[in-house]
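Okay, here's what each chain looks like letter by letter:
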Amino acid sequence: MEEKVEKTFYVTTPIYYVNDIPHIGHAYTTIIADALARYQRLKGKKVFFLTGTDEHGQKIEKTATEKGITPKELADRVVIRFKELWQRLNITYDYFIRTTEKFHEEGVQKIFQKLLEKGDIYKGTYQGWYCVSEENFLSEDVPLQPEGYKICPDCGRKAVLLEEESYFFRLSAYQKPLLDFYEANPQFVRPQTRMNEVVSFVRQGLKDLSITRTTVKWGIPVPGDPKHTIYVWFDALHNYVTGVGYDWNTELFQTFWPADVHLIGKDILRFHAIFWPAFLMAAGLPLPRTVYGHGWWLKDEAKMSKSKGNVLDPYLILEKVGPDPLRYFLLREIPIGQDGSFSHEGFVHRINSDLANDLGNLVQRTLTMVVNYFNGSLQEIGQEKEEDKKLARLFEETRDRVYALYDDYAINRALEEIWTYLNAVNKYLAECEPWKLAKIPETRPRLARILYQAVCAVRASSYLIYPVMPETAEKIWAFLGEQKKPGEVLTSELNFYDFRPDQKINRPEALFPRIDLKEFIGEMEKPKTEDYKASKLEAKMEYISYDEFKKMDLRVAKVLTAERVPGTNKLLKLQIDLGSEQRQIIAGVADSYAPEELVGKEFIVIANLKPAVIRGIESQGMLLAAEIEGKAIIPFFDREIPPGTKVK
RNA sequence: GGCGGCGUAGCUCAGUUGGUCAGAGCAUGCGGCUCAUAUCCGCAGAGUCGGGGGUUCGAAUCCCUCCGCCGCCA
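> Outline the overall build of chain A, supporting the account with residue identities and numerical values.
Scanning chain A from terminus to terminus reveals 23 helices and 26 strands. Its C-alpha atoms put chain A at 100 × 70 × 45 Å along the principal axes. Within chain A, contacts between residues separated by at least 24 positions form 74% of all contacts whose residues are at least 6 apart in sequence. Accessible surface computed for chain A: about 30100 Å², of which carbon and sulfur atoms make up 51%.

Given below as structure tokens:
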């Protein structure tokens, strides 16, 4: 076990659900994993970096059916997109696991069987709220309506209470072991606040977990009882063991398991920090060292969602700036664990000042001087002075701090340290003023020494940057005429003075051209990727005639009063002013708007809609709103309009 | 409602066990340099450390209370 600590490193991302196309959130987790993996490789560890896709489940089956393809075909398509993105981002995963792979399915079945025999899985009856239209049990955390039923979050319809035979995992038995484990391993969940949440959740008591469904066909069959399929989390979580050889490659498995860190989004914390270790305890397998829950990237303070249309497309950014600036920004801007805000302004600013000005320009000015003053080859290097030694010493101190921070997954802090050093190198040049010495022939040895120190500093600090910006580090080393790539040099082999003066330095190209903000924003607003467009076109279009449209009497209405309809979560009762008359309408917008928020607002209603009785209350019309994930968004006007005004 | 966290310069945040802890970066202003991607270097700003009370020789740092955010749970 101790040997494992010394020699190997196993990092995972979640397996991504193939019902979604890759976005910046996927990229973020995977980039973190890649930087950690690359760093550990530099340290000489054997690294296993696992990512992949989660391909089972009702939703996949449904989407596939809608597209007229099989679930596997759907998965195949999406997998290609993920792999393409990882390639563009220079992600060095060791294996890409798919939950539809045979060895995974068999591994999961084997563990299932094992726990069944052990008694940690037993057959029982699952009682849950079932949505007939979605053909799906609602998740446990859907709240009960005051009337005593639940509403399907996907379609908004009333769900019915249903019982079915199901297998259960005896999670309740693991409350104490889990709490003991957390106490003994305070670093198991990071950051600390997430650990607090987990502990308090477990303290409240754990219920056994239903882990099979008879209503879902697209899943791994329960061994010996194939009308049941294994429910999503029990299936998906085990990728972390099947992906490193559990049950099919003992050597691989023993080399790398347990994982050093599972990187996850904070939304799936409970599964990874509670269910997963419980499953492993039951199976008698060692537990991972750390589950790290990272934060969300917000787009200008707002949560990104497909429906808001504010999801950042990693491809667009990549097209414009390439992988390294994106990797750098995401890793530098925030500590893992915090939410971050991605704005175009912030991104451009960070790239221009950190990458173009600080790093890019330092490399440029240093190498250009070597080329201009020495034709690319430093000769007659003068004696080392105190300030020269200082630059080397400072690097060593920086390096040690950077390694310690990388070891602690504090990538943003590590980058901060590196940049502090880059500033010091810039300062060194400013103080030594080599451009002045270049005019005096007698000081050539001194000039050579100064540039030698600066080149060494550039070489060494770009090595530290390599885990985050591999392409950039490689470019810099290529400028320097290094035979090796930074990724081929171990941390133990890197020394400040390893730059050999006889190496011929090439005239550099700008590493990071400055980005023009306006132009950048313009490019980012370009149409999204094909899938996005395609999905819009896929919506079937049925035409109506103008006459049919004319039948609708659309009017501007002003809200006079608004109140919740008792006993509902979504409905508001609104009294509205239609100019010539007042009316009462019932609107399903309470999810998005508080009653008081609407008073005084104006929006469009269909005034000649046949009145209907909703919840025993008459509704004389209907307001127009966009529906996004079950929530209504009302289009308001940008100026005040007399109530009753016709809209066409 | 319960548990946890947060509120420090315009902005984003550091501040171990209370005593150079009032800081960094960005933004702003001024000055310097010209090798370099109009880049780089230096200097300056001053904020009652959310409000109030308390413990202490001494608190941003401990205790109480109030206000305002956020997370998890119900």
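Having seen it, we continue.
> I'd like to hear about the domain arrangement of chain A, residue by residue, with values.
Where the parts come together, the accessible area they lose is often given as the size of the interface. Per the domain assignment, the segments of chain A are domain 1 (362–498) and domain 2 (543–647). For domain 1 versus domain 2, the separation of C-alpha centres amounts to 66 Å.

> Quick one: what's the story with helix H18 (residues 444–465), residue by residue and with numbers?
Compared with an ideal rise of 1.5 Å per residue, which puts 22 residues at 32 Å, H18 spans 31 Å between its outermost C-alpha atoms and is within 8% of the ideal. Burial runs high along H18: 20 of the 22 residues are buried.

> Give a detailed account of the sheet that holds strand S8 (residues 209–210), specifying residues and quantitative values.
Read across the sheet, 4 strands follow the order S5-S4-S6-S8 without closing on themselves; strand pairing throughout is antiparallel. Here the strands that pair on one side only, and so sit at the sheet edges, are strand S5 (136–137) and S8. Where strand S6 (residues 160–169) and S8 come together, 2 bridges link them in antiparallel fashion. Looking at the pairing, phenylalanine 169 lines up with leucine 209 of S8. Against the sheet, helix H5 (residues 102–118) touches strand S4 (121–131) and S6, its axis set at about 115° to S4.

> Tell me what's going on with the protein's contact with RNA strand B, and back it up with residues and numbers.
Lining the immediate surroundings of RNA strand B are 27 residues, of which Glu197, Gln204, Arg270, Asn361 and Arg365 lie closest. Counted by atom, the contact set of RNA strand B within 4 Å of the protein is 76% sugar and phosphate. Taking arginine 514, its side chain carries an N or O atom lying 2.8 Å from a phosphate oxygen of RNA strand B. At the level of secondary structure, the elements contributing two or more residues to the surface near RNA strand B comprise helix H7 (192–203), helix H14 (344–374), helix H16 (411–432) and helix H17 (434–437). Of all the elements, H14 adds the most residues to the surface near RNA strand B, at 11 residues. When the residues that make up the surface near RNA strand B are grouped by side-chain class, the tally is 9 nonpolar, 10 polar and 8 charged.

> Explain the nonpolar core to me, and be specific about the residues and the numbers.
Ile411 and Trp419 are the most contacted members of the largest nonpolar core, which has 116 residues in total. If you tally residues by element for this core, the top one is H18, at 14 residues. Not counting the four nearest positions on each side in its chain, tryptophan 419 is found in contact with Tyr328, Arg332, Asp354, Leu355, Asp358, Leu359, Ile465 and Met469. Ranked by size, the runner-up nonpolar core spans 58 residues in total, among them Leu171, Tyr174, Phe279 and Val291.

> Explain the sheet that holds strand S15 (residues 302–303) residue by residue, including any values.
Pairing is mixed in the open sheet, where 3 strands are placed in the order S15-S14-S16. In this open sheet, the two edge strands, each paired with only one partner strand, are S15 and strand S16 (340–342).

> Could you give me a rundown of the packing of helix H12 (residues 314–321) against helix H20 (residues 517–524), with the residues and numbers involved?
As a packed pair, H12 and H20 sit with axes 10 Å apart at the nearest point and diverge in direction by 140°. Between H12 and H20, the angle falls in the class oblique. Seen along the crossing, H12 lies across H20 with a hand that is right-handed. Along the contact surface, H12 presents Leu316, Ile317, Lys320 and Val321, while H20 presents Glu519, Phe520, Glu523 and Met524. Residues of the contact of H12 with H20, tallied by class, amount to 5 nonpolar, no polar and 3 charged.

> Outline H14, supporting the account with residue identities and numerical values.
By the largest-angle criterion, asparagine 361 marks the main kink of H14, which is about 35°. Looking one or two residues past H14, asparagine 375 carries a phi angle of roughly 60°, positive in sign.

Criteria and thresholds
- Residues numbered from 1 in each chain as written.
- Chains lettered and ligands numbered in written order.
- Predicted model: local features only at pLDDT ≥ 70, side-chain atom pairs only at ≥ 80, totals over all residues.
- Heavy atoms only, no water.
- Helix = DSSP H or I, 4+ residues; strand = E, 2+ residues; numbered from the N terminus.
- Contact = heavy atoms within 4.5 Å.
- Areas by Shrake-Rupley, 256 points an atom, 1.4 Å probe, with all protein chains shown as cover.
- Domains from an automatic or database assignment.
- Expected span 1.5 Å × (residues − 1).
- Buried < 20%, exposed > 50% of the residue type's maximum accessible area, 1.4 Å probe, protein only.
- Pairing = 2+ DSSP bridges.
- Axes fitted to C-alpha atoms, helices over the stretch in contact; angles between N-to-C directions.
- Near = heavy atom within 4 Å.
- Polar contact = N/O pair within 3.5 Å; in protein donor to acceptor, adjacent residues only side chain to side chain.
- Nonpolar A, V, L, I, M, F, W, Y, C, P; charged D, E, K, R; others polar.
- Core = buried A, V, L, I, M, F, W, Y, C linked by side-chain atoms within 4.5 Å.
- Parallel < 35°, antiparallel > 145°, perpendicular 65-115°, else oblique.
- Left-handed = near helix turned anticlockwise from the far one by under 90°.
- Bend = angle between axes of the 7 residues up to and from the residue.

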